[in-house]
Amino acid sequence: MPELPEVETIRRQLEPMIVRRQVEEAGSHPSSKFTAAIQAIGTKFEGLLRKGKYLIAPLSDGQELIVHLGMTGSLGFLHTPAAVDEDRYIRAWWLLDNGVTLAYRDVRRFGRIRCVPAGCYDDIPTLASQGPDALSDQFTAESLYTALRKSSRRIPTQLLSQRPVGGVGNIYANEALWRAGIHPARRQISKAAAHKLHRAIVEVLQEGLENGGTTLRDYRNANGGTGNNQHNLDCYGRSGKPCLKCNTTLKHRTYDARTLTFCPTCQPR
């Protein structure tokens, strides 16, 4: 699933291409998960924002078009009208006033599109309850520590809920926990450990963004290219290989239906 670095990479590529462009036509897959796309017809894109893993496009009529990429979603441009019909995985599209079509492609249909009055996210629970964006000034070591203390769930499960911080998924949670020396089975951590984890989260996300995101299988940016951060992963997907800190063999366990990799030495339970 695209996480903050992947979604932000797409946002940066799309924004200069769609701002102030009017939607002349639009269409979607018949599923209610995507039909909100047509509500943008006749409006202009006023910008393109991101909150956690969500892309939010303010429209000129006071609404916001919200896109979640799910596991296999991507956004990009088509330059011929026929291209929409040629790809059966396109779930929504918007024809802009410069003749270019912005298309949302999603093989597994786990993504979703919504159109709501600006800032009204009550019908999108994950967005409504989301904590501060991981790369915002509002995300601090203190805010992370306070949020984690409110739950007895395992630390990675809390991170993936998006409540303590928005934008962290399984890949970057693995990386951050390894850097901070926190075992994935832990349910509570000290304030000092929270400071380490905060720093690690910011670092791994910034590095992922600098590398254009992580492509393990499905992720593609708005230009159709892949990310490079998969070559920079220290922990995720390396079970059975030596820890890059201490040379201990990395292990993996499933906690709360998530497979997590860790170092038994550097991340003591």
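Residues numbered from 1 in each chain as written. Predicted model: local features only at pLDDT ≥ 70, side-chain atom pairs only at ≥ 80, totals over all residues. Heavy atoms only, no water.

Draft legend 1. View of the overall build of the chain. If you tally the helices and strands in the chain, you get seven helices and 10 strands. What you see for the chain is a C-alpha radius of gyration of 19 Å, in line with the 18 Å of a compact globule of 269 residues. Looking at the 269 residues of the chain, the share that counts as buried comes to 52%. Put simply, of all contacts in the chain between residues at least 6 apart along the chain, 62% involve residues at least 24 apart. Here the chain contributes 36 positive and 26 negative side-chain charges, whose respective centroids are spaced 11 Å apart. (Helix = DSSP H or I, 4+ residues; strand = E, 2+ residues; numbered from the N terminus. Rg over C-alpha atoms; globule rule 2.2 N^0.38 Å. Buried < 20%, exposed > 50% of the residue type's maximum accessible area, 1.4 Å probe, protein only. Contact = heavy atoms within 4.5 Å. Lys, Arg positive; Asp, Glu negative; His and termini not counted. Charge placed at Lys NZ, Arg CZ, Asp CG, Glu CD.)

Draft legend 2. Layout of the sheet that holds strand β8 (residues 112-117). Pairing within the open sheet is antiparallel, and its four strands lie in the order β2-β3-β4-β8. Two strands close off the open sheet at either side, each with one partner strand: β2 (49-51) and β8. Each adjacent strand pair in this sheet contributes to an overall mean axis angle of 25°, direction not counted. Sheet analysis places strand β4 (residues 63-68) next to β8, joined by six bridges and oriented antiparallel. Considered in β8, the bridge of H68 is made with R112. Of the strands in this sheet, β2 and β3 (54-58) are in contact with helix α1 (residues 4-18), which crosses β2 at around 170°. (Pairing = 2+ DSSP bridges. Axes fitted to C-alpha atoms, helices over the stretch in contact; angles between N-to-C directions.)

Draft legend 3. Spatial organisation of empty space enclosed by the protein. Within this structure, the stated rule accounts for two cavities of 30 Å³ or more. Together, L14, I18, F45, L48, L55, A57, L65, V67, L75, W94 and L102 line the largest cavity. For the lining of the largest cavity, the secondary structure elements donating two or more residues are α1, β3 and β4. Of the residues that constitute the lining of the largest cavity, the class distribution is 11 nonpolar, no polar and no charged. The computed volume of the second largest cavity comes to approximately 40 Å³. Every residue along the wall of the second largest cavity is listed here: Y172, E175, R179, V204, E207, G208, N229, N232 and L233. At the level of secondary structure, the elements contributing two or more residues to the lining of the second largest cavity comprise α6 (170-180) and α7 (191-210). Split by residue class, the lining of the second largest cavity holds three nonpolar, three polar and three charged. (1 Å grid on protein atoms, 1.4 Å probe; cavity = no way out; pocket = protein on both sides within 12 Å on 5 of 7 lines; lining within 4 Å. Points joined across faces, edges and corners; volume = space filled by probe spheres on them. Nonpolar A, V, L, I, M, F, W, Y, C, P; charged D, E, K, R; others polar.)

Draft legend 4. Geometry of the pairing of strand β9 (residues 251-255). Examined bridge by bridge, β9 and strand β10 (residues 258-262) share five bridges and lie antiparallel to one another. Each residue of the ladder has a partner; that of R253, found in β10, is L260. Turn length for the β9-β10 hairpin, with the two strands adjacent in sequence and antiparallel, is two residues, and the turn residue D256 shows positive phi of about 50°.

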